[in-house]
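Residues per chain are reported as follows:
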Amino acid sequence: VLIHALKENFNYVLIDAPPVLDLTDATVLAHAVDGVLLVVRLEYTPRRDVERAIELLRNVGANLLGTFLVGA
């Protein structure tokens with residue numbers, strides 16, 4: 001309900017969620033948002049974890065917009 005109210009009043013609403021592989025929060029939120037931007041830490045996050053996160057998001061029907069890379 002809160003997300004829908006925010007979307008009516010603002011052009012963009014950004015929600016920071018916990019890591020996809022640690023908790024289910026991100027996959028649950030994926031249903032309530034228009035798109036998901038996956039944040040990946042360079043030279044820290046193993047490739048297999050990124051691939052697994054993408055797979056989990058796709059399995060719940062998330063609209064994966066892209067990946068944002070951040071430095072250490």
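Use the structure listed above.
Here the structure is a predicted model, which means the values were calculated and not measured.

Asks: Got a sec to walk through the overall build of the chain? Specific residues and values, please.
Replies: Secondary structure assignment for the chain yields 3 helices and 2 strands. Written out in order from the N terminus, the α and β elements of the chain read α-α-β-α-β. Counting all 72 residues of the chain, 18% fall into the buried class. Here the chain has roughly 5800 Å² of accessible surface; of this, 54% comes from carbon and sulfur atoms.

Asks: Describe the environment of Val20, naming the residues involved and giving the relevant values.
Replies: Topologically, Val20 is positioned in the loop between helix H1 (2-9) and helix H2 (25-29). Along the backbone, Val20 and Asp49 are 29 residues apart, and their C-alpha atoms lie at a distance of 9.4 Å. Not counting the four nearest positions on each side in its chain, Val20 is found in contact with Ala26, Thr27, Leu38, Ala53, Leu56 and Leu57.

Asks: Give me the side chain of Thr27: which residues, what numbers.
Replies: Tracing the chain through its elements places Thr27 in helix H2. Look at Thr27 and you get buried, because its relative accessible area is 15%. Ignoring sequence-local partners within four residues, the contact set of Thr27 consists of Val20, Leu56 and Val60.

Asks: How would you explain the nonpolar core if you had to name every residue and give the values?
Replies: Counting residues in each nonpolar core, the largest one holds 11 residues, listed as Val20, Ala26, Ala30, Val36, Leu38, Val40, Val50, Ala53, Ile54, Leu57 and Ala62. Of all the secondary-structure elements, those providing two or more residues to this core are strand S1 (36-41) and helix H3 (47-59). Sort the elements by how many residues they give to this core and H3 lands first, with 4 residues.

Criteria and thresholds
Residues numbered from 1 in each chain as written. Predicted model: local features only at pLDDT ≥ 70, side-chain atom pairs only at ≥ 80, totals over all residues. Heavy atoms only, no water. Helix = DSSP H or I, 4+ residues; strand = E, 2+ residues; numbered from the N terminus. Buried < 20%, exposed > 50% of the residue type's maximum accessible area, 1.4 Å probe, protein only. Areas by Shrake-Rupley, 256 points an atom, 1.4 Å probe, with all protein chains shown as cover. Contact = heavy atoms within 4.5 Å. Core = buried A, V, L, I, M, F, W, Y, C linked by side-chain atoms within 4.5 Å.

None of the figures reported here should be taken as evidence of function without further support.
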